[in-house]
Each structure stands twice: as C-alpha cells, then as structure tokens.
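# Coordinates in review
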Amino acid sequence: MTQRERLLAVLCALATLAPLVIGASLTPDPAGHGTHQQLGLPPCGFYLATGTACPTCGMTTAFSHMANREPLRGVVTQPFGAALALVASVAFWGSLHVAVFASRLGRVAGRLLGGRILWYGAGAWLASWVYTMATWRG
C-alpha cells in the first residue's frame, strides 16, 4: 500500500462523508422532492418544464431520510437515492479502513467496480426513475 493510495482513500472518505453529513443536516421534504432547495438551489428545472419528475428527483430527500436513520422512507421516496446513500456509507467506512490500516480493500473494490456493475447501476437508476414517475406527487 503506497502513501498515494492512502491519500486517495482519505479523499474518497471525505468525498463520501460530505453528502451524508449534508443529508443529515437537512429536513426531508414531505412531498418527497424539493429538499435540495434548503441548500439554496433552485426548484427542479425539468419539473418546471415538463411537470414530471426528473431522473434525480427525490435523491436529496432520499439521502436525507437515510442519513437521518429513516431507511424505509428513503427507499419509498427514491430507491436509487437510498441505494446511493448506502453505497456512500459503505465507501466511507471502507475508505477510512484503507487509509488508517493500509488494507488492500480499495484494490479489491476497484477490481469489482467494472463495466458490468456500472451498467447494472444505470439500469437500476432508470428503473428508479420509472418508479419515481409512477409515484410522483408533484
């Protein structure tokens, strides 16, 4: 394990911890979307233009539910957003483990995250968008 790999692990830990901390500091919007506006961001432009959910609608709300220990609400709000929050949590702890103990966990994870996993993730994101549109409460 090189110093460079350990530094990358620290950066990965910080990058995955940041959205979890931000999510924990937000109050999930009861509508299931719009939580991002608490960060000073504008309303969803896709929604304003089309009247329907965008591919990421509800993700900040799902992250916030997950970070506030409300996993069922997170999954019901936006399944892919909830899964990303879970992945961020696992990545944080894994990266921290690599940084502190110089474990080879990062190398193993890097080999597992190949093209096929990314295609499955894209399919899950698409399925989650379909779910969000079907359950949309605009």
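All figures in this text were calculated on a predicted structure; none of them were measured in a lab.

Counting its regular elements, the protein chain contains seven helices and zero strands. In sequence order, the protein chain lays out its α and β elements as α-α-α-α-α-α-α. When the backbone C-alpha atoms are referred to their principal axes, the protein chain occupies close to 50 × 35 × 25 Å. Of the roughly 8600 Å² that the protein chain leaves accessible, carbon and sulfur atoms contribute 71%.

Mapped onto the fold, C54 is located in the loop between helix 2 (45-50) and helix 3 (59-67). C54 sits 76 residues away from V130 along the chain, and the two C-alpha atoms are 9.8 Å apart. Apart from residues no more than four positions distant in its own chain, C54 is found in contact with C44, F46 and W129.

Tracing the chain through its elements places S64 in helix 3. Take S64: its relative accessible area is 0%, and that puts it in the buried class. Each C-alpha atom of the pair S64 and G81 lies 9.5 Å from the other, and the pair is 17 residues apart in sequence. What S64 contacts, discounting residues up to four positions off in sequence, is G23, L26, T27, P28 and T35.

Pairing between side chains of opposite charge can happen when their charged atoms approach one another. Evaluated as defined, the whole model comprises one salt bridge. Residue E70 is joined to R73 by a salt bridge in which the shortest nitrogen-to-oxygen separation is 3.8 Å. Since its relative accessible area comes to 27%, E70 is described here as partly exposed.

Before going further, it helps to examine unusual backbone geometry. Most peptide bonds take the trans form, and the phi angle of most residues other than glycine is negative. The phi angle at R69 is positive, at roughly 60°, despite the residue not being glycine. Its location among the elements puts R69 in the loop between helix 3 and helix 4 (71-77). With a phi angle near 55°, A102 is a residue other than glycine that sits in the positive phi range. With respect to the element layout, A102 can be found in the loop between helix 5 (79-101) and helix 6 (105-112).

Rules behind the numbers
Residues numbered from 1 in each chain as written. Predicted model: local features only at pLDDT ≥ 70, side-chain atom pairs only at ≥ 80, totals over all residues. Heavy atoms only, no water. Helix = DSSP H or I, 4+ residues; strand = E, 2+ residues; numbered from the N terminus. Areas by Shrake-Rupley, 256 points an atom, 1.4 Å probe, with all protein chains shown as cover. Contact = heavy atoms within 4.5 Å. Buried < 20%, exposed > 50% of the residue type's maximum accessible area, 1.4 Å probe, protein only. Salt bridge = Lys/Arg side-chain N within 4 Å of Asp/Glu carboxyl O.

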